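Residue-level structural notes
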Amino acid sequence: MRNNIGKYAATIAWPLLVTALILLTWELSVRALGIRSIILPPPSAVFEAMAQRHDLLLAHLWPSLYLTVLGFLLSVIGGIFVAVLITYSAIVRKGFYPVIVVSQVIPKISIAPLFIVWFGTGTMSSLLLAFLVAFFPMTINAAMGFESIDEDIHRMARTFMGSRWQIFWKIRMPNALPYIFGGMKISITLAIIGVIVSEFVASQEGIGYLIKLAGGLLDTPLMLAAIVALSISGLALYAIIAAAESWAVYWQPPPEAVGVGGG
Amino acid sequence: MRSAVASPPPGLAPACARGDGAAIVRIAALKKTFGDLEAIRQLSFDVGDGEFLSVLGPSGCGKSTLLMMIAGLIDPTAGEIRIQDAKVAGPRREVGVVFQSPVLLPWRTVLQNVLFPIELLKLPRPQYRRRALELLRMAKIDEFAGLLPRQLSGGMRQRVAICRALVHDPSILLMDEPFSALDAITRDEMAVELQRIWQANRKTVIFVTHSIREAAFLSDRVLVMGRRPATIIDELAIDLPRPRHTAMTEDETFNRLVRHLRKAIEASHAE
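Residues numbered from 1 in each chain as written. Chains lettered and ligands numbered in written order. Predicted model: local features only at pLDDT ≥ 70, side-chain atom pairs only at ≥ 80, totals over all residues.

Some thoughts on the nonpolar core
Cys163 and Leu174 of chain B are the most contacted members of the largest nonpolar core, which totals 82 residues. Here this core gets 6 residues from one element, more than from any other, and that element is helix 6 (residues 154-166) of chain B. Sequence-distant contacts of Cys163 of chain B, defined by excluding residues within four places in its chain, comprise Val114, Ala132, Leu135, Leu136 and Ala139 of chain B. The next biggest cluster of nonpolar side chains, apart from the first, holds 51 residues, and it includes Leu129, Val195, Leu224 and Ala229 of chain A. (Core = buried A, V, L, I, M, F, W, Y, C linked by C-beta atoms within 7 Å. Buried ≥ 20, exposed ≤ 12 C-beta atoms within 10 Å, placed from the backbone. Helix = DSSP H or I, 4+ residues; strand = E, 2+ residues; numbered from the N terminus. Contact = placed C-beta atoms within 7 Å.)

So this is what it looks like as structure tokens:
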């Protein structure tokens, strides 16, 4: 146990050290070379901007995160629902599924201006774009999870006269959980991108709007502060999903334990 | 039936089950083809109530297909299978199956895995929970009831699978090369364990294997199947007293039986 904590500390310590070194180099070279803050502010200036203008940052961060999470949740529900249809309906599997897959060649971000035309510059456009980009990985992962049942397990359940309903809830669903969480981790990241891009295109609030605004004002420290705030939020959302995963998928050893042996 | 599980009287060696009951499984003119491939041709035999019958044959001879048909998972091309005088047309409650691999559900504990058939069959859980624990105790894995399958060794997992196949108290146990994925030492151990569990439960067992020694050690009767398309090429009664011990496999009587079975199989290869 202590050994595990030691290993965990080691895996954290090295990246932290490298990050600190990068920030230090950045700070020193900006100062030494006398680069103007408009071009590249030193890390200290970015942190200063974050501390001084946290009210402004948070005011724009919340609506973006709210739409991200909402769009993400819709994509999870919608993705699982469509995955069930793909699993059980031959028409959906053979007819719609290939269309959904091929439609992924459309760079979905490029649809953002079209959504503005259809749904206006409000929250609806951001929400829908987040949903649209997050939906596909959810669907494909959940469908894969429902499908990838070991043939022997299916047979075993049939010998005990399991119904389709029982096989779905007692076998397919738990079997799909690791896949669903895999899809969620991709989707949450994409949902953020969807919201930010939509806010870039047209909006009056949100962290994407703030980044664009700060860019227009040549307030580079504020811009970087917004990006850092956004990144931290994204990391937090991802961590929440990863934590939920290790709780829900309790039967799989965590990835870092693989190969350790015995544990 | 259920009370028989509780504890077998110590030292009691039950008589050979063969012939002391009516046939519980009847197989008549069974035939199975997959497209052009003829897997089973004209197979007919009976299995007595409480009998331990082994079906011995080389890999890919169609013996697993036979077992899956008895389990009601595959339909025969022609002929019929009757269990307790009812024609098999799908999975049946009085049958329990042990597969080649344990096929445990990784998200369920040992006890939850054993109770899985009870949930599917919608039987009263508290009552069968006691029975499941009893079976786990008999298989000497009761102390692992709360563990997940990945925390068990291969041999223990297969024991869980055997308990699961027995939990709903089926009268027939079908076993499809259940020990073939285990190492040689564990395999011998499991054969002894299986015999013990069988003696305590008195189920009819149809045991498919490609191990001659395993068939000879466990069975009341061995059917030898030849290469595809499968037919019965020999039948041998094993009249060794029970319980049988690993030491018995050194005896001349046992080895004579093994030689006989090997010759039968080799003869089918020579054809």
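Here's the deal with the sheet that holds strand 5 (residues 86-87) of chain B
Residue and element names in this part refer to chain B. With antiparallel pairing, 4 strands are arranged side by side in an open sheet as 2-1-4-5. Strands at the two margins of the open sheet, each flanked by one partner only, are strand 2 (37-48) and strand 5. Relative to strand 4 (residues 78-83), strand 1 (residues 23-34) runs antiparallel, the two being bridged by 5 bridges. The residue bridging Ala28 from the neighbouring strand is Glu80, located in strand 4. (Pairing = 2+ DSSP bridges.)

Some details on the sheet that holds strand 3 (residues 52-56) of chain B
All names here are of chain B. Strand order across the open sheet formed by 6 strands is 6-7-8-3-9-10, with mixed pairing between neighbours. In this open sheet, the two strands that pair with only one neighbour each are strand 6 (95-98) and strand 10 (232-237). For this sheet the average axis-to-axis angle between neighbouring strands, irrespective of direction, equals 15°. Packed onto the sheet, helix 2 (residues 63-70) meets strand 3, strand 7 (172-176), strand 8 (204-209) and strand 9 (221-225) and runs at close to 150° relative to strand 8. (Axes fitted to C-alpha atoms, helices over the stretch in contact; angles between N-to-C directions.)

A closer look at the pairing of strand 8 of chain B
Residues and elements named next belong to chain B. Among the 6 residues that make up strand 8, 6 are buried, leaving the element largely enclosed by the rest of the structure. Side chains of strand 8 alternate between two faces, with Thr204, Ile206 and Val208 and Val205, Phe207 and Thr209 buried alike. Sheet topology places strand 3 next to strand 8; 5 bridges connect them, and they run parallel. For Phe52, the partnering residue across the bridge sits in strand 8 and is Val205. Relative to strand 8, strand 7 is paired through 5 bridges, and the arrangement is parallel. Looking at the pairing, Asp176 lines up with Val208 of strand 8. Once the chain exits strand 7 it traverses helix 7 (residues 184-201) before rejoining the sheet at strand 8, and the crossover so formed is right-handed. (Right-handed = clockwise from strand over helix to strand, strands pointing away.)

Re unusual backbone geometry
Trans is the common state for peptide bonds, and a negative phi is the common state for residues other than glycine. Residue and element names in this part refer to chain B. At the junction of Arg242 and Pro243, the peptide bond is cis and its omega measures out at -5° in the coordinates. Within the chain, Asp85 stands out as a residue other than glycine whose phi angle is a positive 70°. Within the secondary structure layout, Asp85 lies in the loop between strand 4 and strand 5. Asp85 sits in the exposed class, given 9 other C-beta atoms within 10 Å. With a phi angle near 55°, Asp169 is a residue other than glycine that sits in the positive phi range. Within the secondary structure, Asp169 sits in the loop between helix 6 and strand 7.

Here we look at helix 10 (residues 220-248) of chain A
All names here are of chain A. In this model helix 10 runs 42 Å from its N-terminal to its C-terminal C-alpha over 29 residues, within 8% of the 42 Å that 1.5 Å per residue would give. Among the residues of helix 10, those classed as buried are Pro221, Leu222, Met223, Leu224, Ala225, Ala226, Ala229, Leu230 and Leu237. In this structure, the buried residues of helix 10 make contact with helix 2 (43-52), helix 3 (54-88), helix 8 (164-201) and helix 9 (207-216). (Expected span 1.5 Å × (residues − 1).)

Concerning the packing of helix 3 of chain A against helix 6 (residues 123-147) of chain A
What describes two packed helices is the angle between their axes and the distance between those same axes. Residue and element names in this part refer to chain A. Contact geometry for helix 3 and helix 6: axes closest at 6 Å, N-to-C directions at 35°. For the crossing formed where helix 3 meets helix 6, the hand is right-handed. Looking at side-chain class alone, the contact of helix 3 with helix 6 contains 19 nonpolar, 9 polar and 1 charged residues. (Left-handed = near helix turned anticlockwise from the far one by under 90°. Nonpolar A, V, L, I, M, F, W, Y, C, P; charged D, E, K, R; others polar.)

Quick notes on the environment of His168 of chain B
Considering the arrangement of structural elements, one finds His168 of chain B in the loop between helix 6 and strand 7. With 54 residues separating them along the chain, His168 of chain B and Val114 of chain B place their C-alpha atoms 9.5 Å apart.

Considering the confidence of the model for chain B
Residues and elements named next belong to chain B. Looking at chain B as a whole, its pLDDT mean stands at 86, while 91% of the residues score no less than 70. Helix 1 (residues 3-6) is the least confidently modelled element of chain B, averaging 38 in pLDDT, while helix 3 (residues 110-114) averages 96, the highest of any element. Model confidence for the complex is summarised by a pTM of 0.83, with the ipTM given as 0.82. (pLDDT = per-residue confidence, 0-100.)

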